[in-house]
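# Structure at a glance
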Amino acid sequence: MKNCNAAIVGLGGFAKLISAAIKESRKVRLIAGCDINLERLEKFKEETGIEKAYDNIEKLLPDSDIDLVIVATLPSNHYDIGQLALKSGKHVFFEKPGALTPHHITKLIELSESNNLKTSIDFVMRKNPLYFILKEIHDLNIFGLLERAALENYAHDDSLPPEHWFWDYEKSGGIWIEHGVHFFDIANWLMGIPKKAYGEKIPRETSGIIDRVLGTAYHNNGAVISYYHGFTKPEAFEKTSFSFVFEKAYAKTEGWIPIKLTIDAMVTPDIEKFLMEDLLIKARSYLPSVDLILETELLNNWSQEKTFMGRGKKYRATAITKFTYKLTKDRWEVYKACVRQGIEDLAAAIKNEKYMPDVTLYDAKKALDVALMMERR
Ligand SMILES: NC(=O)c1ccc[n+]([C@@H]2O[C@H](COP(=O)([O-])OP(=O)(O)OC[C@H]3O[C@@H](n4cnc5c(N)ncnc54)[C@H](O)[C@@H]3O)[C@@H](O)[C@H]2O)c1
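From a predicted model like this one, the values you see are computed outputs, not experimental measurements.

Before going further, it helps to spend a moment on the domain arrangement of the protein. In terms of domain boundaries, the protein breaks down into domain 1 (4–122) and domain 2 (126–334). Each of domain 1 and domain 2 was reduced to a C-alpha centroid, and the two centroids are 30 Å apart. Contact with domain 1, which involves six residues of that partner, is made by nine residues of domain 2. Broken down by class, the residue content of the side of domain 1 that touches domain 2 amounts to four nonpolar, one polar and one charged.

Pairing in this open sheet of nine strands is mixed, and the strands run β8-β9-β10-β7-β11-β12-β13-β15-β14 from one edge to the other. Whereas interior strands pair on both sides, the edge strands pair on one side only; in this sheet they are β8 (196–203) and β14 (292–310). Taking the axes of each pair of neighbouring strands and ignoring which way they run, one obtains an average angle of 10° across the sheet. Here β14 pairs with strand β15 (residues 313–327) via 14 bridges, running antiparallel.

Another point: the packing of helix α8 (residues 175–191) against helix α12 (residues 361–375). The contact between α8 and α12 brings their axes to 8 Å, and the two run at 115°. Like other packed secondary-structure pairs, α8 and α12 cross with a definite hand, here right-handed. The residues of α12 that touch α8, namely those facing Trp 176, Ile 177, Gly 180, Val 181, Phe 184, Asp 185 and Asn 188, are Asp 363, Lys 366, Ala 367, Leu 368, Val 370, Ala 371, Met 374 and Glu 375.

Glancing now at the site of the ligand. Around the ligand lies a shell of 23 residues, among which Gly 10, Gly 12, Gly 13, Phe 14 and Glu 95 are the nearest. Tallying contributions element by element places helix α1 (residues 13–23) first for the shell around the ligand, with three residues.

Turning to the nonpolar core, a few remarks are in order. Soluble, globular proteins show a tendency: their nonpolar side chains are buried together. Ranked by size, the top nonpolar core spans 107 residues in total, and within it Ala 7, Val 9 and Ile 70 carry the most contacts. With ten residues, the single largest contributor to this core is α8. Here this core spans two domains, and each of domain 1 (4–122) and domain 2 (126–334) adds at least three residues to it. Ignoring any residue separated from it by four or fewer positions in sequence, one finds Val 9 in contact with Cys 34, Ile 57, Leu 60, Val 69, Ile 70, Val 71, Ala 72, Thr 73 and Ile 81.

Here we come to the environment of Pro 357. Assignment of secondary structure puts Pro 357 in the loop between α11 (331–351) and α12. Given 22 C-beta atoms within 10 Å, Pro 357 falls into the buried group. Linking Pro 357 and Ala 347, residues ten residues apart in sequence, is a C-alpha distance of 8.6 Å. Once residues within four sequence positions are removed from consideration, Pro 357 is found in contact with Lys 118, Ser 120, Asp 345, Leu 346 and Ala 349.

Basis of the calculations
Residues numbered from 1 in each chain as written. Predicted model: local features only at pLDDT ≥ 70, side-chain atom pairs only at ≥ 80, totals over all residues. Domains from an automatic or database assignment. Contact = placed C-beta atoms within 7 Å. Nonpolar A, V, L, I, M, F, W, Y, C, P; charged D, E, K, R; others polar. Pairing = 2+ DSSP bridges. Helix = DSSP H or I, 4+ residues; strand = E, 2+ residues; numbered from the N terminus. Axes fitted to C-alpha atoms, helices over the stretch in contact; angles between N-to-C directions. Left-handed = near helix turned anticlockwise from the far one by under 90°. Near = placed C-beta within 6 Å. Core = buried A, V, L, I, M, F, W, Y, C linked by C-beta atoms within 7 Å. Buried ≥ 20, exposed ≤ 12 C-beta atoms within 10 Å, placed from the backbone.

Below, the structure is given as structure tokens:
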């Protein structure tokens, strides 16, 4: 197989971004689309020039030109469509959450493994070089224990009228499942699944829809993570930050698709060199097509190495430095590049039987496990 031929099922808002992302790929080709909404189907044909447009998944699946099905319908039918696609021998890339229950994700895993098919899920943040930097810092224990993280996600609801499926638990699974999974996946990637988590749902005073949720997760390494999501802002005024507190550093990503990461850290010359050279070089090659720059600012320094105490531990530092890593493209370009990278990674796994995608349905299941803890189910 040379190119990987893909079809998108569900040609709504997000499919436009997926389609734009694939357009710039040299490894994956979009050759078909499917939607039960005929207007959307026509628009897809017009916008992409693609002739293979099916109004029903059952009509699409026998098309032997299609290697990979991208499931971009609403969450409540990811499982059914994924099952049908896997049963007909297609590899599958799922939009999140992939299913509404961990049990259904397990069934999808069983089905794909027993049919020797590859799957992945669109946890876009995993492909972002800024989260890769955090992962490296964590895994190499550069700044000690990650003791605390806090997500503040003030998201927009101006494209979500009251009748939108997003507000309907039966269709979306609610904010923790539909949206929270992205952030649980990042925390799981860093530290593994939390031992416990509790969430609260806050209804809007006027309509009763749940537009805000707040929860806390406790990880085995002692880290405590707070998550807040509020869908209450206009898009032009939304804001997101994810802060991470290590023993010797405060790190923060800004934006839901972040393009900036700041790290204020107590450093020695060795650590500074690592952040400015090795780590920068690695992060710059993490997402092809999006470059990264680094600015540094000395916040405090001492003429010679000093010893400090925290959490009953001693550590040495010569300075406190602010490292600001910035992606060189805007957030839409970064978003597209991250989606493309996820799909191309799956295409690489389809081509090479021994290669597994970086992000798997096992990750999707773990993220859903945390979402259900937050839901107290
Ligand atoms: N990864 C991300 O960053 C990200 C961002 C936004 C949305 N999403 C996900 O993308 C998915 C789609 O979201 P959206 O905002 O595009 O929704 P949407 O409502 O705009 O589009 C969904 C489309 O699916 C179609 N559809 C429904 N049932 C179908 C079926 N049985 N067969 C074929 N088509 C069917 C609908 O007609 C509609 O056109 C959701 O799972 C959402 O969570 C992911």
